[in-house]
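# Structural features, examined
Given next are the chains, with one letter for each unit.
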Amino acid sequence: MKMHFCIPVSQQRPDALGGRYVLYSVYLDGYLFCRVRYSQLHRWNEQLRRIFGNSLPPFPPKYYLAMTASMADERRDQLEQYLQKVTMDPNMLRSDVFIDFLKLVQLDTFSITIKTVALDIFLPDGRNIQIEILTSDTAERVLEVVSHKIGLCQELLGYFGLFLIRFRKEGKLSVMKKLADFELPYVSLRSAGMENCKVGLRKWYMDPSLDSMLMDCAAAVDLIHMQFLELSQEVRHYGYLQLDPCTCDYPEPGCGAVLSVGNDEISCCITLPDNQTQEIIFQMSRVKCWKVTFLGTLLDVDGPQRTLNQNLELRFQYSEDSRWQWFVIYTKQAFLLSSCLKKMISEKTVKLAAENPEMQIEVPEQGKSKKCHIQQSQKDSSRFPPRKSKIERAKAECVFGTIKEEDL
């Protein structure tokens, strides 16, 4: 599946020879991931191409003359599409060339040197454990260190993940994003620019029936048990991920909503204008596609603007009464919600393959490469159309162009 990479802004910077170069701000899941030059990405592409050959997507060509504004916008869009497509190959995601480059640009962007540090990991039972890592350790490596310290079986790592979690003033937790395997947790925590934010360990599957796979590991049972206690007042949504309160356009615009995602459904508890509540269930089997749209503005692009998770919407096309209808959810956690939808599709695909042994599937999120002969009807879109040099659109016009995933 494609990742939510985008390059909404770029800045021109002077070089040592008196010329100028363009620095691209690359965001992942709405948070600043790195800033990088075209020449760096070009060298990286050449290294990848020596290993993976023609399986790589096309890379934007060099320009030997000065670029016009339209050419610069076109290159930015092409680089964005390249990053989205290159992350679809699970073999590429695990290659040293891929990982080493992304580690380097993350460290360089935030001026962090490689050194040994202590990192606190927040557990579902409210405890913090401290581990010793390198600032250059990826989320995949940090997860291995954490699992060793708490006694979590290595073969169960695919069922858990590391997340950025924020502690609200009222004592509630808010899951901001899941860290990708190649992200550096220490860097992501430092670069998020938010108070009361920690790296947390949580289960990462949406199908509650998968709990049975963890029953033989005491540490895994403890982890899922503590997350169950978080939802003990709403047992119906056991195993679901509950998002922060948001708004939606159903049954009318501006209605408040609390979303719980899991078990192949999106459960919405909607507050109507007369303060009555209504529960709406959207089944994933009836979702055709979805897209994330950034409706806000990026100001002070040369300053510490590090998140895109403001004024975000996720809209999905849903089959209701034999017709397709768009539903819109306005939430700062739109990228996290999109990741949950992709996760549910991935788990459904695995279940279908288990029921039909002749089918072979590809499960990149589990880190296992298998071939896939199952065609999915759902598509994930994150819209990034051509942009102006400065993003100042805060209306219904979105700043994303289309990503269509034909193969989930």
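Structure report, in brief.

### Describing helix 8 (residues 334-355)
Between its terminal C-alpha atoms helix 8 stretches 32 Å, which fits the 32 Å expected from 22 residues at 1.5 Å a residue. Within helix 8, 16 of the 22 residues are buried, which leaves the element mostly enclosed by the surrounding structure.

### Some points on the sheet that holds strand 3 (residues 31-37)
Spatially, 3 strands are ordered 1-2-3 in an open sheet, and the strand pairing comes out antiparallel. Every other strand in the sheet has two partners, leaving strand 1 (5-14) and strand 3 as the edge strands with one partner each. Going across the sheet, the axis of each strand differs from the next one's by a mean of 25°, ignoring polarity. By the bridge criterion, 6 bridges tie strand 2 (residues 20-28) to strand 3 in an arrangement that is antiparallel. The residue of strand 3 that forms the bridge with leucine 23 is arginine 37. Contacting strand 1 and strand 2, helix 2 (residues 69-86) crosses the sheet at an angle of about 135° to strand 1.

### Side note on the packing of aromatic side chains
Counted by the stated rule, this structure contains 19 aromatic pairs. Judged by centre distance (5.5 Å) and plane angle (45°), the rings of tryptophan 44 and phenylalanine 98 are tilted. Taken as a pair, tryptophan 44 in helix 1 (residues 38-52) and phenylalanine 98 in helix 4 (residues 96-109) lie far apart in primary sequence, 54 residues in all. The class of tryptophan 44 is buried, set by a relative accessible area of 1%. You can call phenylalanine 98 buried: its relative accessible area is 0%. Consider the rings of phenylalanine 163 and tryptophan 204, whose centres lie 5.6 Å apart with planes at 70°: the pair is edge-to-face. Note that phenylalanine 163 is positioned in strand 6 (residues 160-167) and tryptophan 204 in the loop between strand 8 (197-203) and helix 7 (218-230), a separation of 41 residues in sequence. Taking relative accessible area as the criterion, tryptophan 204 reaches 5% and is therefore assigned buried.

### Describing empty space enclosed by the protein
Overall, the coordinates contain 7 cavities of 30 Å³ or more when judged by the stated rule. What the largest cavity holds in volume is close to 100 Å³. If you trace the largest cavity, you find 13 residues lining it, with Tyr31, Leu32, Glu183, Ser188 and Ser191 closest to the centre. At the level of elements, strand 3 and helix 6 (185-191) are the ones that each hand at least two residues to the lining of the largest cavity. Taken together, the residues of the lining of the largest cavity break down into 8 nonpolar, 3 polar and 2 charged.

### Looking at the pairing of strand 14 (residues 287-294)
In terms of burial, strand 14 is largely enclosed, as 7 of its 8 residues are buried. One ladder, built from 7 bridges, connects strand 14 with strand 15 (residues 312-320); its direction is antiparallel. Bridge pairing links cysteine 289 to glutamine 317 in strand 15.

### Overview of the packing of helix 1 against helix 4
For any two helices packed against each other, the geometry is given by the interaxial angle and the distance between the axes. Two numbers describe how helix 1 lies on helix 4: the axes approach to 10 Å, and their chain directions differ by 165°. The angle between helix 1 and helix 4 falls in the class roughly antiparallel. As helix 1 runs across helix 4, the sense of the crossing is right-handed. Of the residues in helix 4, those in contact with Gln40, Leu41, Trp44, Gln47, Leu48 and Ile51 of helix 1 are Val97, Phe98, Phe101, Leu102 and Val105. The residue makeup of the contact of helix 1 with helix 4, split by class, is 9 nonpolar, 2 polar and no charged.

Here is what the cut-offs are and how they apply
Residues numbered from 1 in each chain as written. Predicted model: local features only at pLDDT ≥ 70, side-chain atom pairs only at ≥ 80, totals over all residues. Heavy atoms only, no water. Helix = DSSP H or I, 4+ residues; strand = E, 2+ residues; numbered from the N terminus. Expected span 1.5 Å × (residues − 1). Buried < 20%, exposed > 50% of the residue type's maximum accessible area, 1.4 Å probe, protein only. Pairing = 2+ DSSP bridges. Axes fitted to C-alpha atoms, helices over the stretch in contact; angles between N-to-C directions. Contact = heavy atoms within 4.5 Å. Phe/Tyr/Trp six-rings, centres within 6.5 Å; stacked < 30°, edge-to-face > 60°. 1 Å grid on protein atoms, 1.4 Å probe; cavity = no way out; pocket = protein on both sides within 12 Å on 5 of 7 lines; lining within 4 Å. Points joined across faces, edges and corners; volume = space filled by probe spheres on them. Nonpolar A, V, L, I, M, F, W, Y, C, P; charged D, E, K, R; others polar. Parallel < 35°, antiparallel > 145°, perpendicular 65-115°, else oblique. Left-handed = near helix turned anticlockwise from the far one by under 90°.

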